[in-house]
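# Understanding the architecture of this molecule
Read off the chains here:
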Amino acid sequence: MELVGDRWSLVIIREVMFGNHRFTRIAHNSGAPRDRLAARLRSLVEEGVLERRFIEDGVRHEGYFLTEAGEDLRPVIRALLAWGDKWAVTAPPLRMHHQDHDFVPRTHCATCGEAVDDADLREEMLAPGWDMQGRVTT
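Model, not experiment: these values are computed from the prediction.

Another aspect to go through is the nonpolar core. If you look at the biggest cluster of nonpolar residues, it comprises 19 residues, and the most contacted ones within it are I12, I13, I26, L37, L41 and L50. For this core, the secondary-structure elements that each account for two or more residues are α1 (9-17), α2 (23-30), α3 (34-46), β2 (61-66) and α5 (74-87). Here the element with the most residues in this core is α1; it accounts for four residues.

Right, let's get into the packing of aromatic side chains. This model, assessed by the stated rule, comprises zero aromatic pairs. Looking at R53, its charged tip hangs above the ring of F65, at a distance of 3.8 Å from the centre.

The next subject is the environment of P33. Inspection of the secondary structure puts P33 in the loop between α2 and α3. The spacing of P33 and A127 is 94 residues in sequence and 37 Å in space, taken between C-alpha atoms.

On to the packing of α1 against α2, then. Axis separation between α1 and α2 bottoms out at 10 Å; the angle between their running directions is 120°. The angle between α1 and α2 places the two elements in the oblique class. Where α1 crosses over α2, the two elements pack in a sense that is right-handed. In contact with V11, I12, R14, E15 and V16 of α1, α2 contributes I26, N29 and S30.

The rules behind these values
Residues numbered from 1 in each chain as written. Predicted model: local features only at pLDDT ≥ 70, side-chain atom pairs only at ≥ 80, totals over all residues. Heavy atoms only, no water. Core = buried A, V, L, I, M, F, W, Y, C linked by side-chain atoms within 4.5 Å. Buried < 20%, exposed > 50% of the residue type's maximum accessible area, 1.4 Å probe, protein only. Helix = DSSP H or I, 4+ residues; strand = E, 2+ residues; numbered from the N terminus. Phe/Tyr/Trp six-rings, centres within 6.5 Å; stacked < 30°, edge-to-face > 60°. Lys NZ or Arg CZ within 6 Å of the ring centre and 35° of its normal. Axes fitted to C-alpha atoms, helices over the stretch in contact; angles between N-to-C directions. Parallel < 35°, antiparallel > 145°, perpendicular 65-115°, else oblique. Left-handed = near helix turned anticlockwise from the far one by under 90°. Contact = heavy atoms within 4.5 Å.

So this is what it looks like as structure tokens:
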């Protein structure tokens, strides 16, 4: 959460996911203050979520691109867009399509392929000194 949980990180990742790789386009579409955007882009690059590389636009500009870690955030962005369409706006600003129909995200288990139902999940805390209720006090 420290890495992508601030106000601008997921908006920046969304813009790069949509194909906006240049600083000026990310700034315009996100509405982020330029100094804040520069700081967030720098930290997302340092943390391995984004990488800088040259854009093949004939002018040799550098742009921001998703790394493998950034690509793994695609389902998160899609789920947040679907949540926002349902709960935060009266009219969705965009629509995603899957083949010939509207895309509706759903989580599936990569091991067995089944759709995930919360009733079928169980959590196991692995952090020492913690359980599912929080820090264990002795």
